[in-house]
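Per-entry structural report
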Amino acid sequence: MAAIFNLAWIFLKIGFIFFGGGYVLIPLLHRIMVEQYQWLTLREFLDGVALSQLTPGPLAMLATFTGFRAGGFMGGLIATIFIFLPGTVLMLFFANRYEKLRDMELMKAALDGILPAVIGLVASAAYNLGATSLGSPRDFVMLVAGFLILQFTKVSPMLVILGAGAIGYFLHFS
């Protein structure tokens, strides 16, 4: 039972800083899930990040997977509820106050300050994921190909991920 309360507390804390998209949390999630609690191996974490891109609310689904690995069905349920709970409560609180708040200079200044930090966190996450998962020239070719396809075409990210998975599978078994 203590493990479930620990899961709830950890994912509640993560939920409080879960804004700006899940990518800003990758370094934190990696530290907690892989290094600190060892709920996932590095490979499972990287696979979870990749597979979570196929679902709505991408990295929140990684929380469900991690909770399940750490505490079974109940762990998955608790992790999912508690990662969304702070954002849901904040949205309910701010929903009817949005019109007043959006024009406040203090809010504009705070959001202007947060944006560069979020970009830094996303860059850090990209660096950390790249440093641990790009080990061969083939990996770099796949990285560049995926980037170019996503940047210069209207191909769905889901198709790029599935295509990269299929290419990896065929290259591995050929």
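Residues numbered from 1 in each chain as written. Predicted model: local features only at pLDDT ≥ 70, side-chain atom pairs only at ≥ 80, totals over all residues. Heavy atoms only, no water.

1. Focus: the overall build of the protein chain
When its secondary structure is counted, the protein chain shows 8 helices and 0 strands. The helix and strand sequence of the protein chain, counted from the amino end, reads α-α-α-α-α-α-α-α. If one aligns the C-alpha atoms of the protein chain with their principal axes, the spans along those axes are about 60 × 45 × 25 Å. Considering the protein chain as a whole, with its 174 residues, one finds that 26% of them fall into the buried category. For the protein chain, restricting intrachain contacts to residue pairs at least 6 apart in sequence, the fraction spanning at least 24 positions comes to 57%. Of the accessible surface of the protein chain, which amounts to about 11500 Å², a share of 73% is contributed by carbon and sulfur atoms. Here the protein chain contributes 10 positive and 8 negative side-chain charges, whose respective centroids are spaced 4 Å apart. (Helix = DSSP H or I, 4+ residues; strand = E, 2+ residues; numbered from the N terminus. Buried < 20%, exposed > 50% of the residue type's maximum accessible area, 1.4 Å probe, protein only. Contact = heavy atoms within 4.5 Å. Areas by Shrake-Rupley, 256 points an atom, 1.4 Å probe, with all protein chains shown as cover. Lys, Arg positive; Asp, Glu negative; His and termini not counted. Charge placed at Lys NZ, Arg CZ, Asp CG, Glu CD.)

2. Some remarks on the confidence of the model for the protein chain
Taken as a whole, the protein chain shows an average pLDDT of 84; of its residues, 94% reach a score of 70 or greater. Least confident of the elements in the protein chain is helix 5 (residues 98-102), whose mean pLDDT is 73; most confident is helix 7 (residues 137-152), at 93. (pLDDT = per-residue confidence, 0-100.)

3. Concerning the pattern of salt bridges
Enumeration over the complete set of coordinates arrives at 3 salt bridges. Taking the shortest distance from any N to any O, the salt bridge between Arg-69 and Glu-44 comes out at 2.4 Å. Residue Arg-69 is located in helix 4 (residues 58-95), and its partner Glu-44 is located in helix 3 (residues 42-52); the two are separated by 25 residues in the primary sequence. Among the ionic pairs, Asp-139 bridges to Arg-138, the shortest N-O distance being 3.8 Å. Judged by relative accessible area, which is 42%, Arg-138 ranks as partly exposed. (Salt bridge = Lys/Arg side-chain N within 4 Å of Asp/Glu carboxyl O.)

4. Overview of the packing of aromatic side chains
Scanning all chains against the criterion turns up 4 aromatic pairs. Their ring planes at 15 degrees and their centres at 6.2 Å tell us that Phe-11 and Trp-39 sit as a pair that is stacked. Residue Phe-11 is found in helix 1 (residues 2-16), and its partner Trp-39 is found in the loop between helix 2 (26-36) and helix 3; the two are separated by 28 residues along the sequence. Pair check on accessibility: Phe-11 and Trp-39 agree, each one buried. Ring geometry for Tyr-169 and Phe-170: centres 5.6 Å apart, planes at 75 degrees, overall edge-to-face. Joined through ring pairs, the aromatic side chains of Phe-11, Tyr-37 and Trp-39 make up one cluster. (Phe/Tyr/Trp six-rings, centres within 6.5 Å; stacked < 30°, edge-to-face > 60°.)

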